[in-house]
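Remarks on the overall topology
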Amino acid sequence: MSRARITLDRDFTIGEVPRRLFGSFVEHMGRCVYTGIYEPGHPEADENGFRQDVLKLVKELGATVIRYPGGNFVSGYNWEDGVGPRENRPRRLDGAWHTLETNAFGLHEFVDWSRQAGTEIMEAINLGTRGVDAAREIVEYANHPGGTYLSDLRAKNGHKDPFDIKLWCLGNEMDGPWQIGHKTAEEYGRLAQEAAKAMRFVDPDIELVACGSSSSAMPTFGAWEQTVLTHAYEEVDYVSLHAYYQEHEGDVGSFLASAVDTDYFIESVIATADAVRAKGKHKKHVNLSFDEWNVWYQRGLDTEDQPSQVAKAGWREHPRVIEDKYNVTDAVVVGTLLNSLLRHGDRVKIANQAQLVNVIAPILSEENGPAWRQTIFHPFARMAELAKGQILRLSVDSDKYENTRFGDTDLVDVSATWNEETGRVALFVANRGLEEAADVEVALRGFDARRVLRAEVLEIPEGGNRFTVNSQGNPDQVGLKPLEGAKASGSELRATLPALSWAVIELDVVKN
Ligand code: AHR
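Parameters and conventions
Residues numbered from 1 in each chain as written. Predicted model: local features only at pLDDT ≥ 70, side-chain atom pairs only at ≥ 80, totals over all residues. Heavy atoms only, no water. Helix = DSSP H or I, 4+ residues; strand = E, 2+ residues; numbered from the N terminus. Buried < 20%, exposed > 50% of the residue type's maximum accessible area, 1.4 Å probe, protein only. Lys, Arg positive; Asp, Glu negative; His and termini not counted. Charge placed at Lys NZ, Arg CZ, Asp CG, Glu CD. Domains from an automatic or database assignment. Contact = heavy atoms within 4.5 Å. Buried area = accessible area lost by both parts, 1.4 Å probe. Salt bridge = Lys/Arg side-chain N within 4 Å of Asp/Glu carboxyl O. Polar contact = N/O pair within 3.5 Å; in protein donor to acceptor, adjacent residues only side chain to side chain. Nonpolar A, V, L, I, M, F, W, Y, C, P; charged D, E, K, R; others polar. Pairing = 2+ DSSP bridges. Axes fitted to C-alpha atoms, helices over the stretch in contact; angles between N-to-C directions. Core = buried A, V, L, I, M, F, W, Y, C linked by side-chain atoms within 4.5 Å. Left-handed = near helix turned anticlockwise from the far one by under 90°. Near = heavy atom within 4 Å. Areas by Shrake-Rupley, 256 points an atom, 1.4 Å probe, with all protein chains shown as cover. Phe/Tyr/Trp six-rings, centres within 6.5 Å; stacked < 30°, edge-to-face > 60°. Lys NZ or Arg CZ within 6 Å of the ring centre and 35° of its normal.

1. A look at the overall build of the chain
Per the secondary structure count, the chain includes eleven helices and 27 strands. Dimensions of the chain, computed from C-alpha atoms along their principal axes, come out at roughly 65 × 60 × 45 Å. The buried share among the 512 residues of the chain stands at 61%. Across the chain, the mean location of the 55 positive side-chain charges is 4 Å away from that of the 78 negative side-chain charges.

2. Section: unusual backbone geometry
The omega angle of the peptide bond from glycine 70 to glycine 71 is 15°, so this bond is cis rather than trans. Following the sequence through the fold, glycine 71 ends up in the loop between β4 (65–68) and β5 (92–94). Going from alanine 354 to glutamine 355, the amide bond is cis rather than trans, its omega being -5°. Looking at the secondary structure, you find glutamine 355 in the loop between β13 (348–354) and β14 (363–365). With a phi close to 50°, histidine 98 is a non-glycine residue in the positive phi region. Examined against the element boundaries, histidine 98 turns out to sit in the loop between β5 and β6 (99–101).

3. Digging into the domain arrangement of the chain
Bring the parts together and some accessible area is lost; that lost area is often taken as the interface size. When cut into domains, the chain gives domain 1 (2–9 + 390–511) and domain 2 (18–386). Spacing between the C-alpha centres of domain 1 and domain 2 amounts to 30 Å. Between domain 1 and domain 2, the contact holds 41 residues from the first and 37 residues from the second. When the two sides are added together, the surface that domain 1 and domain 2 hide from each other amounts to roughly 3300 Å², 64% of it contributed by carbon and sulfur. By the criterion of area lost to domain 2, the three top residues of domain 1 are Phe406, Arg466 and Trp502, representing 17% of everything that side buries. For the interface between domain 1 and domain 2, the tally reads six salt bridges. Taken together, the links from domain 1 to domain 2 amount to 18 residue pairs in polar contact (both at pLDDT 80 or more). Of all the secondary structure elements, the ones that give two or more residues to the side of domain 1 that touches domain 2 are β18 (400–403), β20 (412–419), β21 (424–431), β23 (447–458) and β27 (501–511). For the side of domain 1 that touches domain 2, the per-class residue count stands at 19 nonpolar, 13 polar and nine charged.

4. Description of the sheet that holds strand β9 (residues 207–213)
Read around the barrel, eight strands follow the order β3-β4-β7-β8-β9-β10-β11-β13 and close on themselves; strand pairing throughout is parallel. When strand polarity is set aside, the average angle formed by the axes of neighbouring strands in this sheet is 30°. Summarising the sheet, β4 and strand β7 (residues 120–124) pair through four bridges and their orientation is parallel. Paired with valine 65 across the bridge in β7 is glutamate 120.

5. Side note on the pattern of salt bridges
Counted by the stated rule, this structure contains 42 salt bridges. Between arginine 67 and glutamate 292 there is a salt bridge, with its nearest N and O atoms 2.9 Å apart. With arginine 67 in strand β4 and glutamate 292 in strand β11 (residues 287–295), the pair connects residues that are 225 residues apart, well separated along the chain. Its relative accessible area of 5% is what places glutamate 292 among the buried residues. In this structure, aspartate 413 engages arginine 432 in a salt bridge whose closest nitrogen and oxygen atoms are separated by 3.6 Å. You can see aspartate 413 sitting in strand β20 and its partner arginine 432 sitting in the loop between β21 and β22 (438–445), a full 19 residues away along the chain. Classification of aspartate 413 by relative accessible area gives buried; the value is 7%.

6. What about the nonpolar core?
Most often, soluble globular proteins have nonpolar side chains that are buried together. Phe105, Trp113, Trp168, Leu170, Tyr188 and Phe290 are the most contacted members of the largest nonpolar core, which has 129 residues in total. The element best represented in this core is helix α10 (residues 328–343), accounting for nine residues. Shared between two domains, this core holds at least three residues of each, these being domain 1 (2–9 + 390–511) and domain 2 (18–386). Apart from residues no more than four positions distant in its own chain, phenylalanine 105 is found in contact with His28, Val33, Tyr34, Ile37, Tyr38, Phe50, Tyr68, Arg89, Phe110 and Trp113. Ala416, Val429, Leu483 and Ala488 belong to the second-largest nonpolar core, a separate cluster that totals 29 residues.

7. A few points about the packing of helix α5 (residues 185–202) against helix α6 (residues 223–232)
It is at 8 Å that the axes of α5 and α6 come closest, and there the two elements cross at 35°. In terms of crossing hand, the pair formed by α5 and α6 is right-handed. Facing Ala185, Glu186, Tyr188, Gly189, Arg190 and Gln193 of α5, the residues of α6 in contact are Trp224, Thr227, Val228, His231 and Ala232. A class-by-class count of the residues in the contact of α5 with α6 yields five nonpolar, four polar and two charged.

8. Considerations on the site of the ligand
The environment of the ligand is formed by 13 residues, the closest being Glu27, Asn72, Glu173, Tyr244 and Glu292. Within the backbone of asparagine 72, a nitrogen or oxygen atom sits 2.9 Å from an oxygen atom of the ligand. Between the ligand and glutamate 173 there is a distance of 2.7 Å, counted from an oxygen atom to a side-chain nitrogen or oxygen. In isolation the ligand has 280 Å² of accessible area, and contact with the protein removes 96% of it. Its residues placed into classes, the shell around the ligand shows six nonpolar, four polar and three charged.

9. A few points about the packing of aromatic side chains
The final tally for this structure, using the stated rule, is 17 aromatic pairs. Residues tryptophan 418 and phenylalanine 447 carry aromatic rings whose centres are separated by 5.1 Å and whose planes lie at 70° to one another, so their mutual orientation is edge-to-face. You can see tryptophan 418 sitting in strand β20 and its partner phenylalanine 447 sitting in strand β23, a full 29 residues away along the chain. As far as the burial class goes, tryptophan 418 and phenylalanine 447 line up, both buried. The ring of phenylalanine 25 has arginine 67 sitting right over it, with the charged end atom 4.8 Å from the ring centre. It is arginine 373 that lies over the ring of phenylalanine 377; its NZ or CZ is 5.7 Å from the centre.

Take a look at the structure:
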């Protein structure tokens, strides 16, 4: 059995939980939109074609803000193609994912869907093939009340009232050579600055996200942020980060420690943004938007849904693309990535798991068939539900294990929140140990624990192994079940986490 001693203190908080941390992402990619959230004719679809079975799961997931419409897709997208009468909308080639885009679903549909889902919109604009003019025009179309050509066109197209979209991404992954219209940091920094100015002339209340690096391994990482922010610091509110992790054969230890990279990535971007702030004598802080993150098996697979194979199969409507099936190990890693985001909630104000349905997603759906939860659904849903109030700054003394990529790494990974209004402390704890259970002892300073309100664990199911997944035939094989034996009294909590597991413990506390 490994051991971890965690200390938390009522007075040591790092700030309010930013609710936008529990964001997600809908891209026109594969089957995320078509046969994911939108499938007219499906037995569960409403009159708009929105699948209610999927919507129910989206609500249960608790996503707060959803980035749309891409992703790589947006860098070749004309937003005008997706508005107006459907019969007039053009069919286009989407070069990013080698797909035929019908444009049956566009901005109005996404706004209507978001209202049903109860989620905020984070709209990305095309800074790949387009520029300042299209950037200001979409803001006018979406947010101007009326009396201009574009706002009246919105009304004519069915929405008299403005969409009032607050949050906008200035392009997507512009540092990546794979991106349509890829740019150098100089080129992008200037374009982002000018697009931001023009968008704010139309609506001064919007919040803007500049593209940062597509991963911490990009050769331009660090220098990119520095150059882009040197140009656009005053015009933007956030800089983005993207990161995907996967298990490389024979190295599960490094995979389980992926959040060490997330911590490093976040802390490096904070340092870079703050250095630009100091050098430029700026007053405000630019915060972080981790607007794509997840586990994604990008290498080592040669299945039909891999982008290279999709391209070989020719132009099709909504082919299957990267429909990863997530196992127990992936769910534990996702739990630790969420922990990293929450621990940095003083500066990471937005985060979007990529993506929402079918494409590297917590929810899978079949055309004309059911929808179900992947393993990674569970840590996200519980954290979105329970991480409320203040983020607690923790002191963690955990046994360690060694892995190739990160060296010595804590076996137990944790984040915690305190909701003063409800008198609840929530702990989100992962045990990275593959063989050993972890004995976890938490010292609760400034609190008296009255009882454990909820203790749940995701672990290897009976008869399964760490590769066990949920499937259409067995959709609930991996889920949350009661964590037996978690005990809290006075200023102490004790629990034992099974090997390779993720757990949530919620306590009823009073201040002492
Ligand atoms: O989420 C899948 C893809 O990953 C997105 O389109 C792109 O932004 C990233 O490279």
